[in-house]
Amino acid sequence: MNLSAIPPRSSQPATPSVAPVRVTASAMPAGPASASTSAAPDTSFAGSAAATNLTPEALELVAQLKARDTEVRQHEQAHMATAGGLATSGASYTYQRGPNGVDYAIGGEVHIDTSPGRTPQETIERARTIQAAALAPASPSGADQAVAAQAQQMELQARSELAVQQAQELTANSSNKVSQTYQQLPLVPPKLDIYA
């Protein structure tokens, strides 16, 4: 199951010539890579020469894209920070190239392991972590809220299973005590004294 980023704002101006792209490792320039090289596109907002050649509308779009990029990255990092060991991978982003030639994150998702635990108690703990991760951002998206609702259902089902399990254990323990009581020989044989 995915925890998706907040959907693109409807107030974002439409730019038919600038389509959103999903950047993958193959879209990166070829060349030697080091361990510190990330698969993310170049988001260095430098290039004052390019920025000075942009129209006021393009500069406004760049500012909106920068703000959206920051918002999306904070949103996904909130999911990652709360998901802990249930995050199956890092955040992945959908990018849009700005008029200045820089790619900006406009959407993203974090993959979370939503499988139940081995026991009802473990499932309850996992469901709580999933709910917390889904609702971690300041403004959870509709997809985030749906994931949280599914995790809540998973927790309720696990609680029901746990209650049944505990009731069965209680019944087994009480029937064992009753059978043990009747199976034990009295310590002192019964004695009947009759006086006339």
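Structure first, text after, so check above.
The rules behind the values
- Residues numbered from 1 in each chain as written.
- Predicted model: local features only at pLDDT ≥ 70, side-chain atom pairs only at ≥ 80, totals over all residues.
- Heavy atoms only, no water.
- Salt bridge = Lys/Arg side-chain N within 4 Å of Asp/Glu carboxyl O.
- Helix = DSSP H or I, 4+ residues; strand = E, 2+ residues; numbered from the N terminus.
- Expected span 1.5 Å × (residues − 1).
- Buried < 20%, exposed > 50% of the residue type's maximum accessible area, 1.4 Å probe, protein only.
- Pairing = 2+ DSSP bridges.
- Contact = heavy atoms within 4.5 Å.
- Core = buried A, V, L, I, M, F, W, Y, C linked by side-chain atoms within 4.5 Å.

Visitor: How should the pattern of salt bridges be read in this particular structure?
Guide: What the rule picks out here adds up to seven salt bridges. Taking the shortest distance from any N to any O, the salt bridge between aspartate 69 and arginine 73 comes out at 2.9 Å. On the criterion of helical spacing, the pair formed by aspartate 69 and arginine 73 is a turn pair, its members being four residues apart in helix H2 (residues 56–83). Linked by salt bridges that have partners in common, Arg128, Glu155 and Arg159 make up one network.

Visitor: Explain helix H3 (residues 120–134) here, please?
Guide: The periodicity of an α-helix, 3.6 residues per turn, causes residues three or four positions apart to be oriented the same way. With 15 residues, H3 should cover 21 Å at 1.5 Å per step; its first-to-last C-alpha distance of 21 Å lies within 8% of that length. All of the buried residues along H3 are Pro120, Thr123, Ile124, Arg126, Ala127, Ile130, Gln131, Ala133 and Ala134.

Visitor: What is the right way to look at H2 in this model?
Guide: Across its 28 residues, H2 extends 41 Å between first and last C-alpha, which sits within 8% of the 40 Å expected from 1.5 Å per residue. Along H2, the residues that are buried comprise Ala58, Leu61, Val62, Leu65, Arg68, Asp69, Val72, His75, Glu76, His79 and Ala83. Two residues or fewer after H2 comes glycine 84, characterised by a positive phi angle close to 60°.

Visitor: So what exactly am I meant to see when it comes to the pairing of strand S3 (residues 92–97) here?
Guide: A regular strand places its side chains so that they alternate between the two faces of the sheet. Pairing of S3 with strand S4 (residues 103–111) involves six bridges; the strand directions are antiparallel. Each residue of the ladder has a partner; that of tyrosine 93, found in S4, is glycine 108. Between S3 and S4, which pair antiparallel one after the other, the connecting turn spans five residues, and glycine 101 there sits at a positive phi close to 85°.

Visitor: Explain the environment of glutamine 157 here, please?
Guide: Within the fold, glutamine 157 resides in helix H4 (residues 142–183). Between the C-alpha atom of glutamine 157 and that of threonine 123, which follows or precedes it by 34 residues, the distance is 9.2 Å.

Visitor: Where do I start with the environment of arginine 128 in this structure?
Guide: Counting through the fold element by element, arginine 128 comes out in helix H3. Sequence-wise, arginine 128 and glutamate 155 are 27 residues apart; in three dimensions their C-alpha atoms are separated by 7.3 Å. Those residues within four positions of arginine 128 in sequence are excluded, and the remaining contacts are Glu155 and Arg159.

Visitor: Quick question: what am I supposed to make of the nonpolar core here?
Guide: When a protein is soluble and globular, its nonpolar side chains tend to lie buried together. With twelve residues, the main nonpolar core is built from Ala83, Leu86, Val110, Ile112, Ala127, Ile130, Ala133, Ala134, Val147, Ala148, Ala151 and Met154. Looking at this core, the elements that each hand over two or more residues are H3 and H4. The residues contacting isoleucine 130, other than those within four sequence positions of it, are Leu86, Ile112, Asp113, Thr114, Val147, Ala151 and Met154. Within the second largest apolar cluster, eight residues are counted, among which are Leu54, Leu61, Leu65 and Val102.

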